[in-house]
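This is what each chain is made of:
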Amino acid sequence: MTTLSPEILSTLQAQAIELPSWAFGNSGTRFRVFPTAGTPRDPFEKIADAAEVNRLTALAPTVALHIPWDLVDDYTALRRHAEDLGVKLGTVNSNTFQDEDYKFGALTHHDERIRRKAIDHHLACIDVMDATGSRDLKIWLAEGSNYPGQNDMRGRQDRLQDSLQQIYARLGDDQRLVLEYKFFEPSFYHTDVPDWGTSYAQVASLGDKAMVCLDTGHHAPGTNIEFIVMQLLRLGKLGSFDFNSRFYADDDLIVGAADPFQLFRILTEVVRGGGLNNPDVAFMLDQCHNIEDKIPGQIRSVLNVQEMTARALLIDRQALDAAQQANDVLGANAVLMDAFYTDVRPALAEWRESRGLPADPMAAFAASGYLPRIAEERVGGTQAGWGA
Ligand code: PSV
Ligand code: MN
């Protein structure tokens, strides 16, 4: 069996992956949302489910909120509830994509009333962060246009910068803003923050507390995502990851499911660039579980990230450097592939057990009776969904 060195294990022990509250709600495609028995009816129940993932894996100590989906009257109570269950509240995600007013834009809108409203929403999100103790405000904008000539793309960039400056000015000393990019959807002709370069340009002129968020599903097929990871780490501007995987577009499937090798390559650059267990680089999931059970879906996800991190840590750096220096093309590639093909699962299972965790968190969850219990308890009320 492959053994993992004490150095690798202590690095893995420090790993933390934030869970998205919306992963625990019902979700689907535009064709159908399939409800599941036991789905949370409010943010308190979502956090209880997220805490279950952490209890079995010790990998997910924080939960991200999405506002207004996770609006509650008392954030101090929500924070206490989370802490009682052994987790903390994490990133606050703004939402300017579901209000009638934002049909033609929010932070980029030419109508000053609407742009003001969108800026104010972000200021309200920072109020929530103050109450929850969250550090990061994550902004993803569903803004753009569908037809050439529909909008003045240049004016929208200028207004975006002005809006972000106003939001940035409200951040506390220990708070940050991360700007997420996505190459298309819901707009199909142009998107106001389509790529890492635009996000970088926008946040670079704000200051040190503004960083780029890289969602792995937000790139065109064939994009070398690990190159972007390398570059943003090199520039000191990789603020966070939204991990998920995609076959076609923004599929939001389980990270590492579609292309485990890509996840390995990304984590290899994270390790190489000093981004692992670096407080500046938050690891988050941004996923939806449309047909599979949500809690096991999240357990599988954090385990996938852990397994691929372990493999990335197994790369023989000295041998790789030597092969690269010698222009040994196939030798260098073989060093990388040796690490990728190493099955670390038995060693991780043994290590988990040694720390009082279940060797197989998926099996432990199935045996725990948690799912039948919430299915029985959570009757009545309205189930939360993606968008509620
Ligand atoms: C947009 O597709 C996105 O990736 C953003 O992070 C949103 O906040 C999230 O999905 C909502 O699911
Ligand atoms: Mn995302």
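Note: the structure precedes this text.
These numbers come from a predicted model, not from an experiment.

Definitions and cut-offs
Residues numbered from 1 in each chain as written. Chains lettered and ligands numbered in written order. Predicted model: local features only at pLDDT ≥ 70, side-chain atom pairs only at ≥ 80, totals over all residues. Heavy atoms only, no water. Helix = DSSP H or I, 4+ residues; strand = E, 2+ residues; numbered from the N terminus. Buried < 20%, exposed > 50% of the residue type's maximum accessible area, 1.4 Å probe, protein only. Contact = heavy atoms within 4.5 Å. Donors = N, O, S within 2.8 Å, 3.2 Å for Na, K, Ca; no water. Tetrahedral: all angles 85-135°; square planar, octahedral: opposite > 155°, others 65-115°. Phe/Tyr/Trp six-rings, centres within 6.5 Å; stacked < 30°, edge-to-face > 60°. Lys NZ or Arg CZ within 6 Å of the ring centre and 35° of its normal. Core = buried A, V, L, I, M, F, W, Y, C linked by side-chain atoms within 4.5 Å. Expected span 1.5 Å × (residues − 1). Arc of directions from axis to C-beta. Polar contact = N/O pair within 3.5 Å; in protein donor to acceptor, adjacent residues only side chain to side chain. Near = heavy atom within 4 Å. Areas by Shrake-Rupley, 256 points an atom, 1.4 Å probe, with all protein chains shown as cover. Nonpolar A, V, L, I, M, F, W, Y, C, P; charged D, E, K, R; others polar.

**Observations concerning the side chain of Thr-268**
Step number 1: Along the chain, Thr-268 falls in helix H8 (residues 260–272).
Step number 2: In this structure Thr-268 comes out as buried when scored by relative accessible area, which is 6%.
Step number 3: In contact with Thr-268, not counting residues within four places along its chain, are Ala-312, Ile-315, Arg-317 and Leu-336.

**Topic: the coordination of the manganese ion (ligand 2)**
Step number 1: Protein coordination at the manganese ion (ligand 2) comes from Glu-180 (OE), Asp-215 (OD), Asp-242 (OD) and Asp-286 (OD), with a distance range of 2.1 to 2.2 Å.
Step number 2: Seen from the manganese ion (ligand 2), its six donor atoms lie at angles of 72 to 165°, and the figure they make is octahedral.
Step number 3: When the donors of the manganese ion (ligand 2) are listed by position in the chain, the intervening gaps give E-x34-D-x26-D-x43-D. Of this pair, Glu-180 sits in strand S6 (residues 176–180) while Asp-242 sits in strand S9 (residues 238–243); the two residues are 62 residues apart in sequence, bridging distant segments of the chain.

**Remarks on the packing of aromatic side chains**
Step number 1: Counted by the stated rule, this structure contains 15 aromatic pairs.
Step number 2: Ring geometry for Phe-97 versus Trp-140: centroids 5.1 Å apart, planes at 65°, classification edge-to-face. On the criterion of sequence distance, the pair formed by Phe-97 in the loop between strand S3 (88–93) and helix H4 (112–132) and Trp-140 in the loop between strand S4 (136–139) and strand S5 (144–145) is long-range, its members being 43 residues apart.
Step number 3: Judged by its relative accessible area of 15%, Trp-140 is buried.
Step number 4: Relative to Phe-283, the ring of Phe-241 lies with its centre 5.5 Å away and its plane at 80°, an arrangement referred to as edge-to-face. Placement of Phe-241 in strand S9 and of Phe-283 in strand S10 (residues 282–285) is noted, with a sequence separation of 42 residues between them. In this structure, Phe-241 and Phe-283 share a single accessibility class: buried.
Step number 5: An aromatic cluster is present here, built from Trp-22, Trp-69, Phe-97 and Trp-140 joined pairwise through their rings.
Step number 6: Above the plane of the ring of Tyr-102 lies Lys-117, whose end atom (NZ or CZ) is 5.6 Å from the centre.
Step number 7: Positioned over the ring face of Phe-340 is Arg-311, at 5.3 Å from the centre of the ring.

**Re the nonpolar core**
Step number 1: Counting residues in hydrophobic clusters, the biggest one holds 95 residues, and the most contacted among them are Leu-177, Phe-241 and Phe-283.
Step number 2: For this core, the element with the most residues is helix H9 (residues 294–313), which contributes nine residues.
Step number 3: When residues no more than four places from it in sequence are discounted, the contact partners of Phe-283 are Gln-15, Ala-16, Ile-17, Glu-18, Phe-241, Phe-243, Leu-267, Val-270, Gly-275, Leu-276 and Val-305.

**What about H4?**
Step number 1: With 21 residues, H4 extends 30 Å from end C-alpha to end C-alpha; this agrees with the ideal 30 Å at 1.5 Å per step.
Step number 2: Listed as buried for H4 are Ile-114, Arg-115, Ala-118, Ile-119, His-121, His-122, Cys-125, Ile-126, Val-128, Met-129 and Thr-132. For H4, the arc enclosing every buried residue in end-on projection is 160°, short of the 170-degree limit, so these residues lie on one face.
Step number 3: The elements touched by buried residues of H4 are strand S2 (62–66), helix H3 (75–84), S3, S4, helix H5 (153–170) and S6.
Step number 4: Put simply, Asp-111 is the residue that caps the front of H4, since its side-chain oxygen is 2.8 Å from the backbone nitrogen of Arg-113.
Step number 5: At the exit of H4 stands Gly-133, carrying a positive phi of roughly 80°.

**Concerning the site of ligand 1**
Step number 1: In the region of ligand 1, 13 residues are neighbours, and His-66, Glu-180, Lys-182, Asp-250 and Asp-286 sit closest.
Step number 2: Within the side chain of Glu-180, one N or O atom sits 2.8 Å away from an oxygen atom of ligand 1.
Step number 3: Within the side chain of Asp-215, one N or O atom sits 3.1 Å away from an oxygen atom of ligand 1.
Step number 4: Protein burial of ligand 1: of its 310 Å² of free accessible surface, 96% is covered by the chains.
Step number 5: Across the shell around ligand 1, the residue classes break down as three nonpolar, three polar and seven charged.

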